[in-house]
Amino acid sequence: MDHPQTPRILAPHLQSFQHKLIRMLGKVVQLRGETAVIDAGGNVDVILNRDCHLALNHAVEIIGKVDASLHVKVQAATDFGTNIDFSAANAVVEATHRHKEIFYD
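If you check an unreviewed UniProt entry, the protein chain appears there as Replication factor A protein 3 from Lentithecium fluviatile CBS 122367. Listed under Sequence similarities (unreviewed entry) in UniProt, the entry text for the protein chain is "Belongs to the replication factor A protein 3 family."

Structural data, given as C-alpha cells:
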C-alpha cells in the first residue's frame with residue numbers, strides 16, 4: 001500500500017509546503033481550545049482535531065496539512081514527552097532538505 005510522503009519541516013519551511021501534507025516536531029508552548037502553538041524552529045499555529053491530547057511543554061510530532069495562512073491542520077499527533085533533543089531533531093530536518101533526492105520523490 002502506498003503511503004503519502006510527509007516531509008519533515010520546521011516553521012521556516014511552511015511557505016514552501018502550502019496545501020501539502022507534512023510532519024513536524026515541536027514543543028507545545030500554548031493551548032487554546034481547538035488550536036495550539038508549537039515551537040518548531042519558530043512558532044506554528046496548529047488546528048487540532050478531536051483526537052489530539054497535547055500537554056504544555058511536551059514535544060509533539062504533528063502530521064498535518066499546511067493551509068493558505070500557514071497554519072497546520074492536524075491529522076495525527078503523537079506526544080513525545082519532555083526528553084527530546086530538539087537540536088538533533090532539527091539537524092535531521094535540515095539534512096532531509098539538503099538531500100531531498102535520498103528522502104523524497
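Undergrad: Even after reading the chapter, I still don't get the pattern of salt bridges, so can you show me in this structure?
TA: Pairing is possible between side chains that carry opposite charge, provided their charged atoms lie close to one another. Counted under the stated rule, the structure contains 3 salt bridges. Where R8 meets E61, a salt bridge forms, and the shortest distance between an N and an O atom there is 2.9 Å. Of the two residues, R8 is situated in the segment before β1 (21-32) and E61 in strand β4 (residues 59-66); the sequence distance between them amounts to 53 residues. Owing to a relative accessible area of 30%, R8 belongs among the partly exposed residues under this scheme. Between D45 and R32 there is a salt bridge, with the nearest N and O atoms lying 3.2 Å from each other. Residue D45 is found in strand β3 (residues 43-47), and its partner R32 is found in strand β1; the two are separated by 13 residues along the sequence. Classification of D45 by relative accessible area gives partly exposed; the value is 29%. Owing to a relative accessible area of 41%, R32 belongs among the partly exposed residues under this scheme. One connected set of salt bridges, linked through shared partners, spans R8, R23 and E61.

Cut-offs and rules
- Per-chain numbering applies: the sequence of each chain, read as written, is numbered from 1 onward.
- Totals for whole chains, interfaces and linings use all residues, but because this is a predicted model, local features are given only for residues with pLDDT of at least 70 and pairs of side-chain atoms are given and counted only at 80 or more.
- Where side-chain values are given, they derive from all heavy atoms of the structure, hydrogens and water being excluded.
- UniProt positions are given in the numbering used here, feature names are shortened, and annotations may be inferred rather than shown by experiment.
- Salt bridges are counted wherever a side-chain nitrogen of Lys or Arg sits within 4 Å of a carboxyl oxygen of Asp or Glu.
- Secondary structure counts use DSSP, requiring at least four H or I residues in a row for a helix and at least two E residues in a row for a strand, with both numbered from the N terminus.
- Each residue is placed in one exposure class: buried if its accessible area under a 1.4 Å probe, protein chains only, is under 20% of its type's maximum, exposed if it is over 50%, and partly exposed if it falls in between.

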